[in-house]
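Fold and contact review
Spelled out, the chains give:
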Amino acid sequence: MSLLEITDLKVGFDTEDGLVQAVRDISLTLDEGEILALCGESGCGKSVTAMSIPRLLPPATTRLSGSIKLDGRELTTLPEPEMRQVRGKTVSVVFQEPMTSLNPSFTVGYQITEVLRRHEKLSRQAAAKRAVELLELVGIPAPVRRMKEYPHQLSGGMRQRVMIAIAVACSPRVLIADEPTTALDVTIQAGVLDVFRDLRDRLGTAIILITHDLGVVADIADRAMVMYAGRAVEQAPVAELFANPRHPYTLGLMKALPSAAVNGRLAEIPGMVPSPLSDPDECAFRDRCPRAQEDCALSRPPLTRQADEHLAACFHPGGQS
Amino acid sequence: MPMAGLVLVVAFVLLALIGPLVTGDPAAQDYLATLAPPSGAHPMGTDDLGRDAFARIAHGAQVSLQAGVLSTLLAMVVGIPIGLVAGFYRRWLDPIVMRLVDVTLAFPFLVFAVGLAAIIGPSLKGVVLALGFSQLPAIIRITRGEVLAVREMDYVAAAIADGAGDGHIIFRYVLPNCASPLIVQATVAIPAAIIGESTLSFLGLGVQPPTPSWGVMLTTAQQYLSDAPWLAIWPGLMIALATLGFNLLGDGLRDVLDPRSHR
Amino acid sequence: MLWFILRRCGSAVLVLFLSSVLIFLGIRALPGDPASVMAGQEASPAAIEAIRKEFGLDKPLPAQYLDYVGQTLTGNFGRSTQDQLPVADILAERLPVTLELSLLAMLVAIVVGVGAGIVAAVRRGKFADYVATGFGLAGLSVPHFWLGLLGILLFAVTWRVLPASGYVPFTEDPAGNLQRMILPALVLGTGFAAILMRQTRSAMLGALSADYVRTARSKGLSEAKVVGAHALRNSLTTVVTVLGLQLGALISGAVVTEQIFVIPGFGKLTVDAVLTRNYPVIQAVVLVTVIGYVLVNLLVDIAYAFLNPRIRLSGGSRD
């Protein structure tokens, strides 16, 4: 049994324009110690998929169906008080915006010890001692001094490390990292990824890494799921995915990588993402696809097995070039 | 809700402009019907001298409207040029003006009003001056802020580099940009001035009897509270409705005109 | 932090200096000889001469100003033209009354306004929000003095549960004092509660949608902690700022409230002084108001700095 099993997850939001379907029929599994990358453009549903696991979407407007099982326990119907035991303890999150995700009115030390005191029931002194260790773990120099500082006194990279320290404080089974490196310089990026790797190796934490940066995926992930317009279009182990991308959208993303630039120019994928308000029975990528044929407009291509552990949703998948 | 506000404001303005023409003389006394409850002849009743409360309400609306509009105009006529100058000549004038604005802000409105009433005697003129003066800091700050913001814009910087004169910049770019925040400010200032006028008149520091003002009417009403409670109801209700109208309208306008207030 | 406080103190001193000059010149801008103005309309020539001596009114203006500041600093504000009592004694008697009224009103405003603002923000779009928002708009639009009259009409005239007016010192009769102060405090506090409610609601809505609140939720904290600690702490700066900004209105409101409920406080003293052209009292009252206002604003600024680590640690300006 996998650590985390998501089956047929659908997430929509009530808006003034009607129901916006952000995630459609996502199924995925995650094993202990595995690093799974969710990739795709902004708005493809990768963050919404991940945030449904700790139920951090706005409850008033979110319409969710499907199943999310952690260690065999169904999370979607778990009563809120029990869910609060899961958040920060079993499942924790590193958010995208290091500049705004820490509370400006509390010290770094308070924000780390808070979660330790909540879940580990540590005393004030024990929590402070552990927080200093955590700051050391994420590579913050002079941690004792940093404990007493406020977020505005830290650089973006430092704040992101503090966020990670908070997220890993209670040794979570699943860590969700939402674009953890986007706001950071390249040199700091590498350091942050090292912290994740280290965490996985030492504690066996499974990590869901949300990113639109295939470079980061290649660097750290074991497996990747590419999403487009709320659906999974391709899923494979990272080595296989980069060697044999089947879906034309995945191929397009890879061509958009700086290392793949031809004559110093990045390839763009032409066209626009379809509206999340409607969902016709056709391939959502059809309008932008170089390989589109007539059958792509007739029905939606299902996610089918292309090779061992390699799934793709395309009627005209690329060959094993 | 903004529509309800607009309706209230229009009704208030119509009452002030047309009301005095259709109602009777607000000073006409009827000694046979003093402190009379509302009736066909006197829809809002009469006061201690037998004067028709409705006629006095209508004329009082005129006083309120004058106080609200005149004080706001005064503040704009004086404040906008000061704000423009402060924003344009940052090096020398700006620090001085902003210090003075801070000092002005430090004075509670009533202290101005008390001081003015003490010096020139209680009158509508004093009320308008005091209200206008207390609105100045907000007007100066808004105008100056817009000047600073507009000067940062690329196309304005380009126009300045092309040798456009200060006058051109002010009329072509700055003033049009000031319009929205100043209109929003007016919807805050006018109801504040309406309450300010009635408060001062109620205290005897503003409009003097026998001129009908809603505040003055309430002073009278206070003396006859148990015998003629309706005298206290009408003027207060009018003040509350007029103010509510401007507040609702202002909330609506802010959403439309002031993009910074959007979350 | 120290630098910040010093700067605020500096600007407070500047405001006080300019205010004293304004008041000084204001009295001299009155038609007629300042000495006879200060002595009152029915004063004898000898009395006028005594005042001219006491305040050095025959000297040039700058010297007069220095004398005036010296007299003020030693607590000599002259004598009331009404009853010839020292103005300083009158102030000492009236000020505590107004302070009690203002503090009670402030308490009402903070408890009701901040509480309703938090509830409205947390229950956004629900029934409680509409009730609180409606109350806020109404409280903003209804003038104090009308609310006071309605209060008297209902509680004192119609239901006869509270006295309509009057004042008993707290030290003589605590129960009677509170019984008479409760309605004025509610009346004065309502407008502020409305303003505080609106500002707290909007600050809390901003805080509740902030990224750091999502972080707090992701830690598995209880909703009480997320709202009460993380969101509220960041909204408090707004609340404190609004309190500071509304101080002038509180002073104005106290004047009106005292007038309605016939409370012998500072506000009633002010109005009576203007109506009887009691210039020594007017001069003192205006100066004391400005001093009180500047002092409380200074306290608000310091509280603001304590709540905001960015200012507390760097000493930066809040503009």
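Residue numbers here run from 1 along each chain, matching the order of that chain's written sequence. In the order they appear in the text, chains get letters beginning with A and ligands get numbers beginning with 1. Predicted model: local features are reported for residues with pLDDT of at least 70 only, side-chain atom pairs are reported and counted for 80 or more only, and whole-chain, interface and lining totals are derived from all residues.

Here's the deal with the overall build of chain B
Convention followed: Secondary structure elements are defined from DSSP: runs of H or I of at least 4 residues count as helices, runs of E of at least 2 residues count as strands, and each element is numbered from the N terminus. Residue burial is a threshold on neighbouring C-beta atoms within 10 Å of the residue's own C-beta, all placed from the backbone, with 20 or more meaning buried, 12 or fewer meaning exposed, and counts in between meaning partly exposed. Once C-beta atoms are placed from the backbone, any two residues with those atoms within 7 Å are in contact.
In terms of helices and strands, chain B carries nine helices and zero strands. Across chain B, helices and strands are ordered from the amino to the carboxyl terminus as α-α-α-α-α-α-α-α-α. Its C-alpha atoms give chain B principal-axis dimensions of roughly 75 × 40 × 30 Å. The buried share among the 263 residues of chain B stands at 48%. Across chain B, contacts joining residues at least 24 apart in sequence account for 70% of those joining residues at least 6 apart.

Some details on the overall build of chain C
Scanning chain C for helices and strands turns up 14 helices and zero strands. In chain C, the succession of helices and strands from N to C terminus is α-α-α-α-α-α-α-α-α-α-α-α-α-α. Dimensions of chain C along its principal axes, counting C-alpha atoms only, are 80 × 55 × 35 Å.

Considering the nonpolar core
Condition: The term nonpolar core refers to a group of buried residues, namely Ala, Val, Leu, Ile, Met, Phe, Trp, Tyr and Cys, whose C-beta atoms join them within 7 Å.
Judged by nonpolar contacts, the single largest core of 243 residues is most densely connected at A:A165, A:I208, B:A113 and B:V114. In terms of residues, this core owes the most to one element, helix α8 (residues 174–208) of chain C, which gives 16 residues.

Topic: the pairing of strand β1 (residues 4–15) of chain A
Residues and elements named next belong to chain A. Put simply, the rule reads: We call two strands paired when DSSP finds no fewer than two bridges between them.
Across eight bridges, the pairing between β1 and strand β4 (residues 62–70) is antiparallel. Paired with T7 across the bridge in β4 is S67. Alignment of β1 against strand β2 (residues 18–30), held across nine bridges, turns out to be antiparallel. Bridge pairing links L9 to I26 in β2. Here β1 folds back onto β2 in antiparallel fashion, the turn holding two residues.

Concerning the environment of C:M1
All names here are of chain C. With respect to the secondary-structure elements, M1 resides in the segment before α1 (2–28). For M1, a count of 13 C-beta atoms within 10 Å gives the class partly exposed. Considering only alpha carbons, one finds M1 and L269, 268 residues apart in sequence, at a separation of 39 Å.

Considerations on the sheet that holds β1(A)
The four strands are arranged β2-β1-β4-β5 (chain A) in an open sheet whose pairing can be described as antiparallel. Here the strands that pair on one side only, and so sit at the sheet edges, are β2 and β5 (73–74) of chain A.

Thoughts on the interface of chain C and chain A
Going by this rule: Residues are grouped as follows: Ala, Val, Leu, Ile, Met, Phe, Trp, Tyr, Cys and Pro are nonpolar; Asp, Glu, Lys and Arg are charged; all remaining types, including Gly, are polar.
Each side of the interface is counted separately: chain C has 18 residues, and chain A has 25 residues. Looking at the side of chain C that touches chain A, the elements with two or more residues in it are α9 (211–218), α10 (223–245) and α14 (309–314) of chain C. Take the side of chain C that touches chain A: its biggest share by element is seven residues, from α9(C). When the residues that make up the side of chain C that touches chain A are grouped by side-chain class, the tally is six nonpolar, six polar and six charged.

Remarks on the confidence of the model for chain C
Predicted coordinates in regions of low pLDDT should not be interpreted in detail. All names here are of chain C. To keep it simple, the criterion reads: Confidence scores here are pLDDT values: one per residue, from the predictor, ranging 0 to 100.
Confidence along chain C averages 83 in pLDDT terms, with 96% of residues attaining 70 or more. Per-element mean pLDDT across chain C ranges from 69 in α14 up to 92 in α9. Under a pLDDT of 50 for its full length, residues 315–319 has, in the predicted model, seven contacts with residues more than four places off or in other chains. Interface scoring of the predicted complex returns ipTM 0.85; its pTM is 0.80.

So, the interface of chain C and chain B
Contact residues are listed per partner, giving 36 residues for chain C and 34 residues for chain B. Class assignment for the residues of the side of chain C that touches chain B results in 26 nonpolar, 10 polar and no charged.

What about helix α1 (residues 2–22) of chain B?
All names here are of chain B. Worth spelling out the cut-off: Take the number of residues in a helix, subtract one, and multiply by 1.5 Å to get its expected span. The term bend refers to the angle at a residue between two fitted axes, each drawn through seven residues, those ending there and those starting there.
Counted at 1.5 Å a residue, the expected span for α1 with its 21 residues is 30 Å, and the 29 Å between its end C-alpha atoms agrees. Residue A16 marks the point of greatest curvature in α1, where the axis turns by about 40°; the proline P20 follows within four residues. Taken residue by residue, α1 has G5, L8, V9, F12, L15 and A16 as its buried positions. The inward-facing, buried residues of α1 abut α2 (53–88) and α9 (230–257).

Considering the packing of helix α3 (residues 108–119) of chain A against helix α4 (residues 124–137) of chain A
Axis angle and axis distance: for two packed helices, these are the angle between their axes and the distance between the axes, and together they describe the pair. All names here are of chain A. Defined as follows: Orientation is described by axes fitted as lines to C-alpha atoms, over the contacting stretch for helices, and by angles from 0 to 180 degrees between their N-to-C directions. If you view the pair so one helix is near and one far, a crossing is left-handed when the near helix is turned anticlockwise from the far one by less than a right angle, and right-handed when it is turned clockwise.
Between α3 and α4, the least distance of the axes is 9 Å, while the angle of their chain directions is 115°. Seen along the crossing, α3 lies across α4 with a hand that is right-handed. Residues G109, I112, T113, L116 and R117 of α3 lie in contact with α4, whose contacting residues are A127, A128, R130, A131 and L134. Broken down by class, the residue content of the contact of α3 with α4 amounts to six nonpolar, two polar and two charged.

With respect to the packing of helix α11 (residues 247–261) of chain C against helix α12 (residues 266–275) of chain C
All names here are of chain C. Heads up, the rule is: Roughly parallel covers angles under 35 degrees, roughly antiparallel covers those over 145, roughly perpendicular covers 65 to 115, and oblique covers all other angles.
Taken N-terminus to C-terminus, the directions of α11 and α12 make an angle of 85°; their axes are 7 Å apart at the nearest point. With respect to each other, α11 and α12 are oriented roughly perpendicular. Two secondary-structure elements touch here, α11 through A254, V255, E258 and Q259 and α12 through G267, K268, T270 and V271. Class assignment for the residues of the contact of α11 with α12 results in three nonpolar, three polar and two charged.

A short note on the sheet that holds strand β7 (residues 174–178) of chain A
Residues and elements named next belong to chain A. Spatially, β6-β7-β8-β3-β9-β10-β12-β11 is the arrangement adopted by the eight strands of the open sheet, whose pairing is mixed. Every other strand in the sheet has two partners, leaving β6 (91–94) and β11 (304–307) as the edge strands with one partner each. Strand-to-strand, the axes of this sheet are offset by a mean angle of 20°, without reference to chain direction. Here five bridges tie strand β3 (residues 35–39) to strand β8 (residues 206–211), and the two strands are oriented parallel to one another. Bridged to A37 within β8 is L209. Against the sheet, helix α10 (residues 248–255) contacts β3, β9 (223–228) and β10 (231–237), and its axis sits at roughly 105° relative to β9.

Section: the arrangement of the chains
Considering every one of the two pairs of chains in contact, the largest contact total is recorded for chains B and C. For chain A and chain B, which are not in contact, the least C-alpha distance works out to 16 Å.

Comments concerning unusual backbone geometry
Most peptide bonds are trans, and most residues other than glycine sit at a negative phi. Omega for the bond connecting B:P209 with B:P210 falls within 30 degrees of zero, at 10°, which places this linkage in the cis form. As for its position among the elements, B:P210 is in the loop between α7 (166–203) and α8 (214–223). Residue A:R55 is not a glycine yet carries a positive backbone phi of 55°. Along the polypeptide, A:R55 turns up in the loop between α1 (46–51) and β4. With 20 C-beta atoms counted inside 10 Å, the residue A:R55 sits in the buried group.

Quick notes on the environment of A:R161
Residue and element names in this part refer to chain A. With respect to the helices and strands, the residue R161 is situated in helix α6 (residues 156–168). For the pair R161 and E268, spaced 107 residues apart in sequence, the C-alpha separation works out to 33 Å. Ignoring any residue separated from it by four or fewer positions in sequence, one finds R161 in contact with V138, G139 and I140.

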